[in-house]
There are 2 protein chains.
Amino acid sequence: MAVSIETLQSLLQQLNTVPPADMAPLFAATREVKLEAGETYIREGDTARKLAYLEKGIIRAYAVMNNGDEATLFLRCEGQFIASHDTIIRQRPSRFIYRALEDTVMVEIDYDKLEGVLRENPRLEPLRSYFLQLMLAEALDSIEAFVTLSPEERYLQLLDSRGDIVNRVPDKYIASMLGVTPVSLSRIRKRIHSRGKQ
Amino acid sequence: MAVSIETLQSLLQQLNTVPPADMAPLFAATREVKLEAGETYIREGDTARKLAYLEKGIIRAYAVMNNGDEATLFLRCEGQFIASHDTIIRQRPSRFIYRALEDTVMVEIDYDKLEGVLRENPRLEPLRSYFLQLMLAEALDSIEAFVTLSPEERYLQLLDSRGDIVNRVPDKYIASMLGVTPVSLSRIRKRIHSRGKQ
DNA sequence: AAATGACGTTAACAAATGTTAATTTCTACG
DNA sequence: CGTAGAAATTAACATTTGTTAACGTCATTT
């Protein structure tokens, strides 16, 4: 309970929307979770309302389609939040799977517990809005990219904005997050390189 | 100030997370806004932090790309919220334009005023989380569609889930929201019809 | 009634992507 | 060190989409 939470603590304090003293009950409800590479954090059908802050590692959220293929919704790494959005927002079993792609360390809180803490400490409410806004901003950026950019341009943008992730994750996950097949991503990369060398 | 707000009022009361009596200061800060078809609600570069509930009509949010083309991010109609997300979440001038496609009636509140109301009435805070979650859920659905479905499948899904909108809006806006050109959407429709008749 | 302009459709061609399968490269494990 | 399995690349072909332009339709205006 509440161990290596320095980074999260300093993040929340930078918000300076909540007095640090008020945060004690929040951290008392958290726990540290460690996952090995390849380990599943949330399964399809899970009903737990998990919210977590990534201290280290990468989590992939994906759906299994009718034909059995997997579609990656997003990748999150250290410094970001992940939430089981089907269970938290929609209050239904998760259609999505969350799996660690590297050894991962998270600070987890159950959303039901969080709501209890917020009920008893209303001054912490801005924190909920804060992470909801963070996730909404990222989601809208993603939609904007799908609507305004070609697959190649989306890949270049991803390289530019999150190049670290691209090099830590197998290409097939990058491809499905961009909405294309691994074969097509390979051709896109070839095209970029051939243009770059000329 | 607070005129025909029946639908919004009943919506908020169904949440029963906030006592109806507490909502008076909220509605006191709202105002009714009417737009004619074609009228712009938010311009590129605007800094106002507008949040609105649509009682009637359709609003299109779109970006103007480098080549001058427009890309529709989303369409919202009666019963939905729209928010100037660049100004509210990112605290920067809006890169997006919000324009009415039909004569539109909205209940508007400035987000700065809303935050003032929430500061003085902390029991209203769940309302902020509520509409943030609504918009996040819609955004994630949109991403899911881009990642798991082909353009044709996305169009069929849109017909199924929001067929009313499709018939109220020019096809070119539907096309750009699906991430394809109007020419391609026309071919998709032809393909669907030819398959349907056989 | 004629003219204008926006919108959707169609055509023709280029370019990109999907699909399947073979091949190569890389990694992990014995 | 060698092997097995996963991942990435490449090839070949079908399908889809982008692009440009022409054409038809419809509504509005003059």
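As recorded by an unreviewed UniProt entry, chain A carries the name Crp/Fnr family transcriptional regulator and is attributed to Chitinophaga fulva.

(A) Quick peek at the interface of chain A and chain B. Counting residues at the interface gives 28 residues for chain A, matched by 28 residues for chain B. Per element, the largest residue contribution to the side of chain A that touches chain B is 16 residues, and it comes from helix H5 (residues 125-148) of chain A. Class assignment of the residues belonging to the side of chain A that touches chain B gives a composition of 16 nonpolar, 8 polar and 4 charged.

(B) Spotlight on the sheet that holds strand S5 (residues 70-77) of chain A. All names here are of chain A. One open sheet accounts for 4 strands, arranged S2-S7-S4-S5; its pairing is antiparallel. Edge positions in the sheet fall to strand S2 (40-42) and S5, since each of these pairs with one other strand and no more. The sheet shows a mean angle of 30 degrees between the axes of neighbouring strands, taken without regard to direction. As defined by bridge partners, strand S4 (residues 58-64) adjoins S5 across 7 bridges and the pair is classed as antiparallel. Note that in S5 the partner of Ala-63 across the bridge is Ala-71.

(C) A look at the environment of Thr40(A). The topology assignment puts Thr40(A) in strand S2. Discounting chain neighbours no more than four positions away, the residues touching Thr40(A) are Ile97(A) and Arg99(A).

(D) Representation of the protein's contact with DNA strand C in the model. Among the 18 residues in the neighbourhood of DNA strand C, the closest are listed as Pro151(A), Ser184(A), Pro170(B), Asp171(B) and Ser186(B). Elements with a minimum of two residues in the surface near DNA strand C: helix H6 (151-168) and helix H8 (182-197) of chain A together with helix H7 (171-178) and helix H8 (182-197) of chain B. Here the surface near DNA strand C takes 6 residues from H8(B), the largest share from any one element.

(E) Spatial organisation of the confidence of the model for chain A. Counting all residues, the mean pLDDT for chain A is 92, and 96% of those residues have values of 70 or more. The lowest-confidence element of chain A is helix H1 (residues 6-14) of chain A, averaging 75 in pLDDT; the highest-confidence one is helix H7 (residues 171-178) of chain A, averaging 98.

(F) Representation of the relation of the copies chain A and chain B in the model. The transformation that overlays chain A on chain B combines an axial shift of 0.0 Å with a rotation of 180 degrees, and the residual RMSD is 0.0 Å. With respect to symmetry, the two chain copies, as superposed, fit the operation of a two-fold axis. Considering only C-alpha atoms, the part of chain A nearest the rotation axis is Leu136(A), at 2.6 Å. Looking at the interface residues of chain A, 100% of them are also at the interface in chain B, so both copies use one shared face.

(G) Local environment of the environment of Asp160(B). Mapping Asp160(B) onto the fold places it in helix H6 (residues 151-168). Distance from Asp160(B) to Tyr173(B), taken between C-alpha atoms, is 17 Å for residues 13 residues apart in sequence.

(H) Region of the structure containing the packing of H5(A) against helix H5 (residues 125-148) of chain B. At a minimum axis distance of 9 Å, the contact between H5(A) and H5(B) shows a crossing angle of 25 degrees. Taken as axis vectors, H5(A) and H5(B) run roughly parallel relative to one another. Once H5(A) is placed against H5(B), the crossing between them reads as left-handed. Contacts from Glu125(A), Arg128(A), Ser129(A), Leu132(A), Gln133(A), Met135(A), Leu136(A), Ala139(A), Leu140(A), Ser142(A), Ile143(A) and Phe146(A) in H5(A) reach Glu125(B), Arg128(B), Ser129(B), Leu132(B), Gln133(B), Met135(B), Leu136(B), Ala139(B), Leu140(B), Ser142(B), Ile143(B) and Phe146(B) in H5(B).

Criteria and cut-off values
Residues numbered from 1 in each chain as written. Chains lettered and ligands numbered in written order. Predicted model: local features only at pLDDT ≥ 70, side-chain atom pairs only at ≥ 80, totals over all residues. Contact = placed C-beta atoms within 7 Å. Helix = DSSP H or I, 4+ residues; strand = E, 2+ residues; numbered from the N terminus. Nonpolar A, V, L, I, M, F, W, Y, C, P; charged D, E, K, R; others polar. Pairing = 2+ DSSP bridges. Axes fitted to C-alpha atoms, helices over the stretch in contact; angles between N-to-C directions. Near = placed C-beta within 6 Å. pLDDT = per-residue confidence, 0-100. Least-squares fit on C-alpha atoms with pLDDT ≥ 70 in both. Parallel < 35°, antiparallel > 145°, perpendicular 65-115°, else oblique. Left-handed = near helix turned anticlockwise from the far one by under 90°.

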